[in-house]
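Residues per chain are reported as follows:
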Amino acid sequence: MMAGSDCDCLICRLEQSLFDDLNHEKGMEQYQCWAASSEILAPFPTVGQLLAHLHRQGNDQNSSADEVIRELVWAGTSRPSRSLWQSLLLLVFIPTIHRTTSQISAAFPSLGREDTAQHLFATLLEFLHSQELRAQSSHLAFIVARRMRRSAFRWAIRESRLELPTDWDPTAKTSEEADESHEQSHAGILLAKFLDDCQRRGWLSEQERRLLAQFKLEGIRAAELARRSGHSATAIHHRIQRLLERLRRISRKSGSHIPEQLDLFRP
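Being a predicted model, the structure only gives us computed values, none of them experimental.

Asker: Please explain the overall build of the protein chain as it appears in this structure.
Answerer: In terms of helices and strands, the protein chain carries 14 helices and zero strands. Listing the helices and strands of the protein chain from first to last along the sequence gives α-α-α-α-α-α-α-α-α-α-α-α-α-α. A sequence separation of at least 24 residues applies to 70% of the contacts in the protein chain between residues at least 6 apart. As presented, the protein chain carries roughly 14300 Å² of accessible surface, and 50% of it is formed by carbon and sulfur atoms.

Asker: Help me understand the nonpolar core, please; the structure alone is not making it clear to me.
Answerer: One broad trend across soluble globular proteins is that nonpolar side chains are buried collectively. Core analysis: the largest hydrophobic core is formed by 50 residues, its most contacted members being Tyr 31, Leu 50, Leu 72, Leu 88 and Phe 93. Taken together, the elements giving at least two residues each to this core come down to helix H1 (10-23), helix H2 (25-36), helix H3 (47-57), helix H4 (63-73), helix H5 (82-107), helix H6 (113-128) and helix H8 (140-160). Among residues more than four places away in sequence, those in contact with Leu 88 are Leu 22, Tyr 31, Trp 34, Val 47, Leu 50, Leu 51 and Leu 72. Judged by nonpolar contacts, the second largest core, of 18 residues, contains Ala 222, Leu 225, Leu 244 and Leu 247.

Asker: So what exactly am I meant to see when it comes to the side chain of Arg 246 here?
Answerer: Relative to the elements of secondary structure, Arg 246 occurs in helix H13 (residues 233-254). Looking at Arg 246, the relative accessible area reads 8%, which means it is buried. At a separation of 2.5 Å, a polar atom in the side chain of Arg 246 contacts the main-chain carbonyl oxygen of Trp 203. Those residues in contact with Arg 246 that sit more than four places away from it in its chain are Asp 115, Gln 118, Trp 203, Leu 204 and Glu 208.

Asker: Any chance you could explain H5 here in plain terms?
Answerer: Within an α-helix, residues lying three or four positions from one another point in the same direction, as the helix has 3.6 residues per turn. A rise of 1.5 Å per residue sets the reference length of H5, with its 26 residues, at 38 Å; its end C-alpha atoms lie 35 Å apart and thus fit the reference within 8%. For H5, the principal kink sits at Phe 93 and spans about 50 degrees; a proline, Pro 95, occurs within the next four residues.

Asker: Help me understand the environment of Gln 103 in this model?
Answerer: Its location among the elements puts Gln 103 in helix H5. Gln 103 sits 46 residues away from Arg 149 along the chain, and the two C-alpha atoms are 9.2 Å apart.

Asker: How should the side chain of Gln 118 be read in this particular structure?
Answerer: With respect to the helices and strands, Gln 118 occurs in helix H6. Of the residues examined, Gln 118 reaches a relative accessible area of 3% and is grouped as buried. Apart from residues lying up to four places away in sequence, Gln 118 is in contact with Leu 10, Gly 202, Trp 203, Leu 204, Ser 205, Glu 208 and Arg 246.

Asker: Just to check I follow, could you spell out a positive patch on the surface for this structure?
Answerer: There is a patch of like positive charges on the surface, built from Arg 146, Arg 150, Arg 154, Arg 158 and Arg 249. Take the positive patch: its biggest share by element is four residues, from H8. With respect to the secondary-structure elements, Arg 154 resides in helix H8. The exposure class of Arg 154 is exposed, given its relative accessible area of 54%.

Asker: How should H8 be read in this particular structure?
Answerer: The first and last C-alpha atoms of H8 sit 30 Å apart over 21 residues, in line with the 30 Å expected at 1.5 Å per residue. All of the buried residues in H8 are Leu 140, Ala 141, Ile 143, Val 144, Ala 145, Met 148, Ser 151, Ala 152, Trp 155, Ala 156 and Glu 159.

Asker: It is not clear to me how the packing of H2 against H5 should be interpreted in this structure. Could you clarify?
Answerer: Packed helices, taken two at a time, are described by the angle between their axes plus the distance between the axes. Two elements in contact, H2 and H5, have axes whose closest approach is 11 Å; the angle formed by their N-to-C orientations is 85 degrees. Compared by their axis directions, H2 and H5 come out roughly perpendicular. Residue-level inspection shows Gly 27, Gln 30, Tyr 31 and Trp 34 of H2 in contact with H5, the latter providing Leu 84, Trp 85 and Leu 88. Considered class by class, the residues forming the contact of H2 with H5 number five nonpolar, two polar and no charged.

Asker: I keep staring at the pattern of salt bridges and nothing clicks. Help me out?
Answerer: A pair can form between side chains of opposite charge whenever their charged atoms are brought close. Under the counting rule described, the total for this entry stands at eleven salt bridges. Arg 239 is the partner of Asp 115 in a salt bridge, and the nearest nitrogen-oxygen pair spans 2.9 Å. Of this pair, Asp 115 sits in helix H6 while Arg 239 is found in helix H13, placing the two residues 124 residues apart along the sequence. Both residues of the pair, Asp 115 and Arg 239, count as buried. The shortest N-O distance in the salt bridge between Arg 147 and Glu 132 comes to 2.7 Å. Residue Arg 147 is found in helix H8, and its partner Glu 132 is found in helix H7 (residues 131-134); the two are separated by 15 residues along the sequence. Each member of the salt-bridge network shares a partner with another, and the members are Asp 115, Glu 159, Glu 208, Arg 239, Arg 242 and Arg 246.

Asker: Would you mind going over the environment of Ala 223 with me for this structure?
Answerer: Mapped onto the elements, Ala 223 comes out in helix H12 (residues 222-229). Along the chain, Ala 223 and Thr 234 lie eleven residues apart, while their C-alpha atoms are 8.3 Å from each other.

Asker: Would you explain the confidence of the model for the protein chain in this entry?
Answerer: When pLDDT is averaged across the protein chain, the result is 75; 73% of the residues are at 70 or more. At the level of individual helices and strands, the protein chain shows its lowest average pLDDT in helix H9 (residues 175-180), which scores 37, and its highest in H6, which scores 89. Overall, residues 163-187 carries pLDDT values under 50, and its contacts beyond four positions in sequence, including any with other chains, amount to 33 contacts.

Analysis parameters
Residues numbered from 1 in each chain as written. Predicted model: local features only at pLDDT ≥ 70, side-chain atom pairs only at ≥ 80, totals over all residues. Heavy atoms only, no water. Helix = DSSP H or I, 4+ residues; strand = E, 2+ residues; numbered from the N terminus. Contact = heavy atoms within 4.5 Å. Areas by Shrake-Rupley, 256 points an atom, 1.4 Å probe, with all protein chains shown as cover. Core = buried A, V, L, I, M, F, W, Y, C linked by side-chain atoms within 4.5 Å. Buried < 20%, exposed > 50% of the residue type's maximum accessible area, 1.4 Å probe, protein only. Polar contact = N/O pair within 3.5 Å; in protein donor to acceptor, adjacent residues only side chain to side chain. Expected span 1.5 Å × (residues − 1). Bend = angle between axes of the 7 residues up to and from the residue. Patch = residues over 30% accessible without salt bridge, like charges linked within 9 Å, V, L, I, M, F, W, Y side chains within 5 Å. Salt bridge = Lys/Arg side-chain N within 4 Å of Asp/Glu carboxyl O. Lys, Arg positive; Asp, Glu negative; His and termini not counted. Charge placed at Lys NZ, Arg CZ, Asp CG, Glu CD. Axes fitted to C-alpha atoms, helices over the stretch in contact; angles between N-to-C directions. Parallel < 35°, antiparallel > 145°, perpendicular 65-115°, else oblique. Nonpolar A, V, L, I, M, F, W, Y, C, P; charged D, E, K, R; others polar. pLDDT = per-residue confidence, 0-100.

Structure representation (structure tokens):
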């Protein structure tokens, strides 16, 4: 875990959740079986010991850390499960994600910290599966950190240039929104389930899921959401549009064909 941290951000909550999962009986047994079969992982009989070793190294170009990370990345068919493999590598790079998110937030204060974190998680997972990473033989932690940092800054530059349409009226409410307010229809159930799934997978925080539910399921206007949060209606609408676009991208990227849910997000 990140020593001395009392942060309660999305990254730290996810870190705690992943760590708890891997320290439950099933996760512990799976990791120990994997470690026992590997000469590289054998010196680290618990997930905590492995993470402590790697986090002490940071992104330094250290041969010992390189060997361990290479063993994790190249686990292939020897890994016990995709879930454990992915969770473990996320935990390895959590400090890098946390540090890079803070850097982006400082440089681009208009961007949501959780949006930045989620972009970094997506970048990491994509890179971990790439042939480009598997082709590397050394400095793996440094290469992964550099990839995430470059991707995050490019994303932040693009996102910070987004502008609202000039003809948008933040006080307007469509008849479709009014009709769907507080309605437990089939469409509403589909949308609620979709948002729940996104939150469970880490693509939406609890706060973001609540914002979308209030706006789409409860029919609360952007102006009212702005009054409650202390932000402008324009900022709230911009935030909602960015969240919805992110969900569309995730859906397209994952190959999950869910047109009914995505139709609910049309303005």
